[in-house]
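# Structural overview for review
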Amino acid sequence: MQMIPHDYPFKATISKRNHGRIHSTTGIALNEPLHICSESPEDRRVYIQDKPRSAYAQLPVIYFVTPTYPRREQIPELKRLAYTLLHVPRLYWLVANDQERCDTFLDTLLSGFGIPYAHMASPMPSEFRKSKPAPRGVANRRAALQWLHQQNITNGVLYFGDDDNTYDLRLFSEIRQTQRVSMFPVGLIAEYAVSVPVVRDGKVVAFLDSWVAGRRWPVDMAGFAVSLAYMSQYPNVNMPYKPGYEEDLFLRSIGLRIDQIEPKGANCTEILVWHTQTKNKKSAVVRLNSEFLDGRSNLGALFRSLKLMGVASASDTEGPVAMISKNGKTKSHSYILS
Ligand code: UGA
Ligand code: MN
């Protein structure tokens, strides 16, 4: 067997601020600026599951695209997801954050896992911010599609994995051999708590999903995977800013026929991905005077870290006064901290 010198078939040569357009000649609208914050194609994991990394070298790479956005749950969600992805060999994590600037806390977090990754800043265009519903995660996924195009990646498998879903490790072995487009059930979707292709004699013949709305492909973003060899034959690939129709229009843009779909998860009888949802709340503000947030207690370092993660911040003037108690009685800040 021939030795492959690099884990991944390309070099990270993308520029930090690339305002290039893709498919400008065909008038396709995947044209947002692509801001790469940090990236590393290097896989620093020694063991994955029960084998050394080298045991997996021949497997196709899964490009796992995660849109994410700042809110107090962002860092815990990404950590939980990362600790799943750490068990998945030959995975390239494309994390696209819905904000203007690059978050250096995220750079550090992502590079620390040792999973090959690219972190990009992909803010939702301001004209969509106020629309209800807003096209959530679309700018992010479009940025990842541009990244794949600019890197000229024409093999491996693409999967859109939101930051708040729950993934069974068997999902990754199922989708890795996708030839064109594979599909499988997603648990906890809408009214029926499931969205699933209907399979007869090993073929997808229809869909069960509580929101049809004219969609030819009434599936969730987490319910399909795409071969990049297949996708690269469709230069008009697109994911438009049309809330509710992103999956349908994306799959239409790659010329899919129903008889070509590969059902996974034991002919769509097993749930390998769950559309779990976490409450999202704005970062908390707690009134706690900065004069007490020095080295005299743990609270200074703790609140600095919470602020970096977008979880909570201490303020001299805003928010409810932090209650600090002892023996069941609240005490003044100065009594405990000065
Ligand atoms: C459902 C689908 O499962 C998503 O695939 C689809 O993108 C979404 O609806 C939609 O079209 O609105 P849902 O759980 O309702 O997902 O939405 P979120 O999990 O809140 O958002 C989907 C993804 O976009 C997440 O990864 C989230 O981090 C990201 N997102 C959300 C942003 O990047 N920006 C936002 O303002 C909100
Ligand atoms: Mn979600």
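The structure this text deals with has already been given above.
Attention here is on the structure that accompanies the text. (Residues numbered from 1 in each chain as written. Chains lettered and ligands numbered in written order. Predicted model: local features only at pLDDT ≥ 70, side-chain atom pairs only at ≥ 80, totals over all residues. Heavy atoms only, no water.)

Of all 7 residues making up strand β5 (residues 62-68), 7 are buried, and the element is well covered by its neighbours. Residues of β5 alternate between two faces, with Ile62, Phe64, Thr66 and Thr68 on one and Tyr63, Val65 and Pro67 on the opposite face, all of them buried. Looking at chain direction, β5 and strand β6 (residues 91-97) are connected through 7 bridges and run parallel. Bridged to Ile62 within β6 is Leu91. Following the chain from β5 across helix α1 (residues 74-85) to the adjacent parallel β6, one finds a crossover that is right-handed. Here 4 bridges tie β5 to strand β8 (residues 157-160), and the two strands are oriented parallel to one another. Within β8, the residue paired with Phe64 across the bridge is Tyr159. (Buried < 20%, exposed > 50% of the residue type's maximum accessible area, 1.4 Å probe, protein only. Helix = DSSP H or I, 4+ residues; strand = E, 2+ residues; numbered from the N terminus. Pairing = 2+ DSSP bridges. Right-handed = clockwise from strand over helix to strand, strands pointing away.)

Our next topic: the coordination of the manganese ion (ligand 2). Protein ligation of the manganese ion (ligand 2) involves Asp164 (OD) and Asp164 (OD), the donor distances falling in the range 2.1 to 2.7 Å. Considering the arrangement of structural elements, one finds Asp164 in the loop between β8 and β9 (166-167). (Donors = N, O, S within 2.8 Å, 3.2 Å for Na, K, Ca; no water.)

Our next topic: the pattern of salt bridges. Applying the stated criterion across every chain, the model contains 12 salt bridges. The residue Glu77 makes a salt bridge to Arg80 at a minimum N-O spacing of 2.5 Å. You can see Glu77 and its partner Arg80 sitting in helix α1, 3 residues apart, about one turn around the helix. A relative accessible area of 48% means that Arg80 is categorised as partly exposed. For the salt bridge of Asp248 with Arg252, the shortest nitrogen-to-oxygen distance reads 3.1 Å. With Asp248 and Arg252 both in helix α7 (residues 246-252) and 4 residues apart, the pair spans about one turn of that helix. Classification of Asp248 by relative accessible area gives buried; the value is 2%. (Salt bridge = Lys/Arg side-chain N within 4 Å of Asp/Glu carboxyl O.)

What follows is about the packing of aromatic side chains. Under the criterion given, the structure shown has 17 aromatic pairs. Here the aromatic rings of Tyr92 and Trp147 are separated by 5.2 Å at their centres, their planes lie at 45°, and the arrangement is tilted. Within this pair, whereas Tyr92 is found in strand β6, its partner Trp147 is found in helix α4 (residues 138-150), the two being separated by 55 residues in sequence. Exposure remark for Trp147: the relative accessible area of 0% places this residue in the buried category. Joined through ring pairs, the aromatic side chains of Phe64, Tyr159, Tyr167, Phe172 and Phe184 make up one cluster. Against the face of Tyr245 rests Lys242, its NZ or CZ located 4.5 Å from the ring centre. (Phe/Tyr/Trp six-rings, centres within 6.5 Å; stacked < 30°, edge-to-face > 60°. Lys NZ or Arg CZ within 6 Å of the ring centre and 35° of its normal.)

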